[in-house]
Structure formats: C-alpha cells, structure tokens
Amino acid sequence: MGNPVKIVMIEDDEGHARLIERNIRRSGVNNDIIPFTTGTEAVNYLFGADGTADQHKGQALLILLDLNLPDMTGIDILRRVKDNATLKSAPVVVLTTTDDAQEIKRCYELGCNVYITKPVNYENFANAIRQLGLFFSVIQVPPVKA
C-alpha cells in the first residue's frame, strides 16, 4: 500500500473545524489532517509555488472543502483541483451549510465526489461527521498522478 491518506481540511469556521477533526478522530481515523482557514492558504499548499501541484505526486490526498470561504469560493478551488492533471483524482468532499439544489448540482458537475450539507443542530452535525469518519476508514484513495 502507498502513503497514508492526508486529509486536507479547508474550513474557515474554527468551531466547525474542531468539531470535524474531533469527530473524525472519534470514528477511529488517525490520518494527518492539514487544516486551512482560507482558500488562499489551501491553494498555496495544494498547488505549490509553481502552481503545478507536482510536489504531491504519489501522495494520497482527500480534500474536505467548505464552499463559503472568506477570500474565494470553494467552487473555485474545486474547479482548480479537478482541472489539474496531478490533483484531479483526489477525492473532494464538499462539507458546507449550502443546501441549494443548483449549487449541489454544480459541485457534482465539477467533479466533487460527495456533497454533505452541515446539519444546524450540534449533535446531528457531530453524528454526521462521525459517520463521515467511518466512511473515510473504509474508502480507497488513489495516490495523485505520479
């Protein structure tokens, strides 16, 4: 088996980020979680200084993406990831408060793998993330293009 999966979490709400990480851990997932609170930081990490994302070749990445970020939209990040030859095979899980049918359709058309609307209720949100963590523990994630 290749490198362990790195989870790239792009979430600007610190409370949501803590809740997501805590409940992923509670489901038994111990993979590295690399958190970003802005799209700019995440894009810099994902694509690197040269914009190619080649530094991630051979790594297995899974991207947790909020759509509502302070500096750019998650849609823009999703589009860039899926248009990039190196990153396009990385699964993208959209995890957001937006439940608009057009937005959901757009994300799937752009290549997101899973779209989850964050429940408003704390306990429902925590439970949804634990279930997501269980999902992470069984899925196979291919390394990005080598």
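- The name an unreviewed UniProt entry assigns to the protein chain is Response regulator, from the organism Afipia carboxydohydrogena.

### Points about the UniProt feature "modified residue: 4-aspartylphosphate" (unreviewed entry) in the protein chain
Logical step 1: Mapped onto the present numbering, the UniProt feature "modified residue: 4-aspartylphosphate" (unreviewed entry) falls on Asp66.
Logical step 2: Along the polypeptide, Asp66 turns up in the loop between strand 3 (61–65) and helix 3 (74–83).
Logical step 3: Dropping the residues within four chain positions of it, Asp66 is found in contact with Ile10, Glu11, Asp12, Gly74, Leu95, Thr96 and Lys118.

### Some thoughts on the pairing of strand 1 (residues 6–10)
Logical step 1: Across the five residues that make up strand 1, a large majority, four, are buried.
Logical step 2: Sheet analysis places strand 1 next to strand 3, joined by five bridges and oriented parallel. From the neighbouring strand, Val8 faces strand 3, where its bridge partner is Ile63.
Logical step 3: In terms of strand pairing, strand 1 meets strand 2 (residues 33–36) through four bridges, oriented parallel.

### Digging into the environment of Lys82
Logical step 1: Considering the arrangement of structural elements, one finds Lys82 in helix 3.
Logical step 2: For the pair Lys82 and Asn30, spaced 52 residues apart in sequence, the C-alpha to C-alpha distance is 26 Å.
Logical step 3: A distance of 3.0 Å separates a polar side-chain atom of Lys82 from the backbone oxygen of Lys88.
Logical step 4: At 2.8 Å, the side chain of Lys82 forms a polar contact with the backbone oxygen of Ala90.

### With respect to the state of the cysteines
Logical step 1: Overall, the coordinates contain zero disulfides when judged by the stated rule.
Logical step 2: In this model Cys107 remains outside any disulfide bridge; the closest cysteine sulfur is found in Cys112, 5.2 Å from its own.
Logical step 3: For Cys107, a relative accessible area of 0% translates into the label buried.

### Describing the UniProt feature "domain: Response regulatory" (unreviewed entry) in the protein chain
Logical step 1: Mapped onto this numbering, the UniProt entry annotates "domain: Response regulatory" (unreviewed entry) at residues 6–133.
Logical step 2: As a span, residues 6–133 carries 42% helix and 18% strand, and end to end its C-alpha atoms are 13 Å apart.

### Some points on helix 5 (residues 122–138)
Logical step 1: Under the 1.5 Å per step criterion, the end-to-end length of helix 5 is 25 Å for 17 residues, consistent within 8% with the ideal 24 Å.
Logical step 2: Listed as buried for helix 5 are Phe125, Ala126, Ile129, Leu132, Gly133 and Phe136. Viewed end-on, helix 5 has its buried residues packed into an arc of 120°, placing them on one side of the element.
Logical step 3: For helix 5, the secondary structure elements touched by its buried residues are strand 1, helix 1 (14–26), strand 3, strand 4 (92–96) and strand 5 (114–117).

Each value, and the rule that gives it
- Residues numbered from 1 in each chain as written.
- Predicted model: local features only at pLDDT ≥ 70, side-chain atom pairs only at ≥ 80, totals over all residues.
- Heavy atoms only, no water.
- UniProt positions renumbered as here; feature names shortened; annotations may be inferred.
- Helix = DSSP H or I, 4+ residues; strand = E, 2+ residues; numbered from the N terminus.
- Contact = heavy atoms within 4.5 Å.
- Buried < 20%, exposed > 50% of the residue type's maximum accessible area, 1.4 Å probe, protein only.
- Pairing = 2+ DSSP bridges.
- Polar contact = N/O pair within 3.5 Å; in protein donor to acceptor, adjacent residues only side chain to side chain.
- Disulfide = S-S within 2.5 Å.
- Expected span 1.5 Å × (residues − 1).
- Arc of directions from axis to C-beta.

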